[in-house]
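# Fold and geometry: a report
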Amino acid sequence: MSIESVLHEHRTFTPEEAFSSQAAVPSMQEYHRLCAEAAQDYEGFWAKLARELLVWHKPFTKTLNESEAPFYKWFEDGKLNVSVNCLDKHLDTIPNKTAIIFEADNGEVKNVTYKELYHQVCQFANGLKSLNLVKGDRVIIYLPMGIEAVVAMQACARLGIIHSVVFGGFSAKSLNERIIDAGAVAVITSDGQFRGGKTLPLKQAVDEGMAMGGCESIRDIVVFQKTGQDVAWNDQCIWWHDLIAGKADTCEPVMVDAEHPLFLLYTSGSTGKPKGVQHSSAGYLLHAMNTMRWTFDIKPEDIYWCTADVGWITGHSYVTYGPLAMGATQIVFEGIPTYPNAGRFWQMIQRHKVSVFYTAPTAIRSLIKAGEMDYTTHPNHFELSSLRLLGTVGEPINPEAWMWYFEQVGGNRCPIVDTFWQTETGGHVITPLPGATPLVPGSCTLPFPGIDIDVVDETGKDIPWGNGGLLVIKKPWPSMIRTIYNDPERFKSSYYPAELGGKLYLAGDGAIRDTKTGNFTIMGRIDDVLNVSGHRLGTMEIESALVANHLVAESAVVGKPHPIKGESVVAYVVLKGKRPEGEEAKKIVAELREWVGKEIGPIAKPDEIRFGDNLPKTRSGKIMRRLLRSLAKGEEITSDISTLDNPAILEQLKQPVN
Ligand code: PRX
């Protein structure tokens, strides 16, 4: 997306009266009142929300502890249980309300009420207890999207076990690294999974990951029987159904401190090693709930659908925790948007009468294209009048895609909340509030009330609106990352860098604010992190994977703008042997793509690979990534390359092999 196109975007959509009049935050006046309340008494603002929204076992008396900043603590002397807040709380009020409408890949539907979900979670928690899993243990969850994934996460929360969900698209190697870093004692997986009409293995990757070594901490592997396919078996393995057989369907929750880690979620940073982002229990849940209320305007009668997989933070906050804690009815979808055809999302919205729909720009862009090619998959062919609110997340949405979503999906009627946030922020930090905020296509608009977010220069100083700079959060907030597991120093240096004075949370994105409205436009990552189809990938991570191949001497990875995926991955590779050409080059490209798929996961496979005898470097040996990015885009190099040691290399790197 060109930043220019967003900065010159003058279309504004003010909320309609019909929406505002029923909204949780019904006007800009109310929005400003909430922001002012937070500005006047910051701790009081959050304390009030925490008392209003969370069920405490022991109420907190201290709101924020900054004594060990940036390791902030919120509500630290309070005690609670997250699963009690998501399930037990509803037993008296809405036991028979549908919590989850599960739609399988093949279209079969299964509903679960709050009471049923509560019993399933309790029974599975009793199963975990029988494996001697206790509070503070780390457990890896590697499951397909489905009720079981939610049950497994909630059961961990019930016992104070710290889960770390690994997205099913990550490889055995990635799984192995996460098991080791987390020191996990158990893995919860399934035999296989259904995706797009195919039956794919899943446990096999666990077996391969374990075989790579270093996983001695693992005692048990719990396997849900999903597909019925054959799986390898040893003493460590136990079927989910055997584990819960005969177990009670109630289970005493383990009360934990507000700051007890609820989960670790690994995400990419600017070094080769993914970081285990650690979240708290109370502060995290509080923001998941409050954003459900103010951003998604969730109401008891809504049918809510967030299409994210629980392997990502969006699936944590806006599938497993937020909606359940708010007592919402939600769709959980096993499949993919293009199976059996690209009308699947619209067909499901029609079928289940979805009213609040939250998805990624990359999905929207690919469905626009598909709808143009096959008109029967176009949203116009479906009855979408149940929709009242739309949302996007994960990457910038270009104004054209925004307009299409607004007109074709939302029928010019539904506000769109373009929610900016990150794995580390736990929930939305910049977003429109749909009954209040005037919407501008391509802009995530204004800070969520209570989040002190702004744009500064590289020394941490405020800059006037209208100037691009670094996105920072100036005050700690309840759902913020607490640390990087096993690496507190990296937490400090990555997020609270000394160059900015050590007190500002550095998001890692560039941003600019509109001179009149103060609306934010995100300009993309300022570090070596790529955003491919809304998935976060580290360039260094892919480079390390490539150089681990026996053929590769050196590599540099950059992103290139892509009309559907947002960004695509371009890898420049220097082989140990001679630079390959023709068929030989094609063969090696295929081999290296496969290799990266095995090292990290299919999502990280480079879209293009280019070979050179060397990489463009300065005389001091630094790779000139700026040039590589220009080459990837097919731009002529017009800038000064006098510091370049080996200009002839640029010619070689102009063309992809594939
Ligand atoms: O670059 C921003 C982009 O996604 C990054 C965070 O990725 P991740 O931790 O995987 O979380 C994704 C889901 C919350 C950010 O640093 N990003 C996320 N949302 C938006 C966005 N960029 C622009 N607009 C957004 N709404």
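Because the structure is a prediction, the values reported are computed rather than measured.

Because side chains alternate across strand β20 (residues 416-419), one face comprises the buried residues I416 and D418, and the other comprises V417 and T419, equally buried. Direction of pairing for strand β19 (residues 389-393) relative to β20: parallel, over a ladder of four bridges. By the bridge assignment, G391 is partnered in β20 with V417. For the handedness criterion, the β-α-β arrangement of β19, helix α15 (residues 399-409) and β20 is classed as right-handed.

Counting 122 residues, the largest nonpolar core has W46, F75, L117, F124, I188, W240 and L471 as its most contacted members. With ten residues, the top contributor of residues to this core is helix α7 (residues 147-159). Every residue in contact with I188, bar those within four places of it in the chain, is listed here: F124, L128, V139, I140, I141, Y142, L143, A152, V222 and W240.

This brings us to the UniProt feature "domain: Acetyl-coenzyme A synthetase N-terminal" (unreviewed entry) in the chain. If you check UniProt for "domain: Acetyl-coenzyme A synthetase N-terminal" (unreviewed entry), the listed places come out as residues 31-86 in our numbering. With 48% helix and 11% strand, the stretch residues 31-86 has end C-alpha atoms that lie 27 Å from each other.

Moving on, we come to empty space enclosed by the protein. Which parts of space are left empty comes out when a probe the size of a water molecule is rolled across the atoms. Taken as a whole, this structure holds three cavities of 30 Å³ or more when the rule is applied. Roughly 40 Å³ of internal volume is contained in the largest cavity. Around the largest cavity, the lining residues are N81, V82, A157, G160, I161, V256, H260, P261, L262 and S281. Residues that form the lining of the largest cavity fall into these classes: six nonpolar, four polar and no charged. Roughly 40 Å³ of volume is contained in the second largest cavity. Class assignment for the residues of the lining of the second largest cavity results in four nonpolar, two polar and two charged.

Let us now look at α15. Each full turn of the α-helix corresponds to 3.6 residues, which orients residues three or four apart in the same direction. Of all eleven residues making up α15, eight are buried, and the element is well covered by its neighbours. Of the positions making up α15, those classed as buried are P399, A401, W402, M403, W404, Y405, F406 and V409.

The subject of this paragraph is the site of the ligand. Taken together, 17 residues lie near the ligand, and D418, T423, D509, R525 and R536 sit nearest. One of the side-chain nitrogen or oxygen atoms of Q422 is found 3.0 Å away from an oxygen atom of the ligand. Expressed as a share of its isolated accessible area of 550 Å², the protein-covered part of the ligand is 94%. Among the elements of the structure, α12 (313-325), β20 and β25 (520-525) are those that each provide at least two residues to the shell around the ligand. Its residues placed into classes, the shell around the ligand shows six nonpolar, six polar and five charged.

Mapping T98 onto the fold places it in strand β4 (residues 98-103). In contact with T98, not counting residues within four places along its chain, are N111, V112, T113, Y114, A328 and T329.

Read from one edge to the other, the open sheet built from seven strands follows the order β5-β4-β17-β16-β18-β19-β20, with strand pairing classed as mixed. Only two strands of the sheet have a single partner each, and these edge strands are β5 (109-113) and β20. The sheet shows a mean angle of 20° between the axes of neighbouring strands, direction not considered. Here four bridges tie β4 to strand β17 (residues 329-333), and the two strands are oriented parallel to one another. Bridging from a neighbouring strand, I100 pairs with Q330 of β17.

Rules and cut-offs
Residues numbered from 1 in each chain as written. Predicted model: local features only at pLDDT ≥ 70, side-chain atom pairs only at ≥ 80, totals over all residues. Heavy atoms only, no water. Buried < 20%, exposed > 50% of the residue type's maximum accessible area, 1.4 Å probe, protein only. Helix = DSSP H or I, 4+ residues; strand = E, 2+ residues; numbered from the N terminus. Pairing = 2+ DSSP bridges. Right-handed = clockwise from strand over helix to strand, strands pointing away. Core = buried A, V, L, I, M, F, W, Y, C linked by side-chain atoms within 4.5 Å. Contact = heavy atoms within 4.5 Å. UniProt positions renumbered as here; feature names shortened; annotations may be inferred. 1 Å grid on protein atoms, 1.4 Å probe; cavity = no way out; pocket = protein on both sides within 12 Å on 5 of 7 lines; lining within 4 Å. Points joined across faces, edges and corners; volume = space filled by probe spheres on them. Nonpolar A, V, L, I, M, F, W, Y, C, P; charged D, E, K, R; others polar. Near = heavy atom within 4 Å. Polar contact = N/O pair within 3.5 Å; in protein donor to acceptor, adjacent residues only side chain to side chain. Areas by Shrake-Rupley, 256 points an atom, 1.4 Å probe, with all protein chains shown as cover. Axes fitted to C-alpha atoms, helices over the stretch in contact; angles between N-to-C directions.

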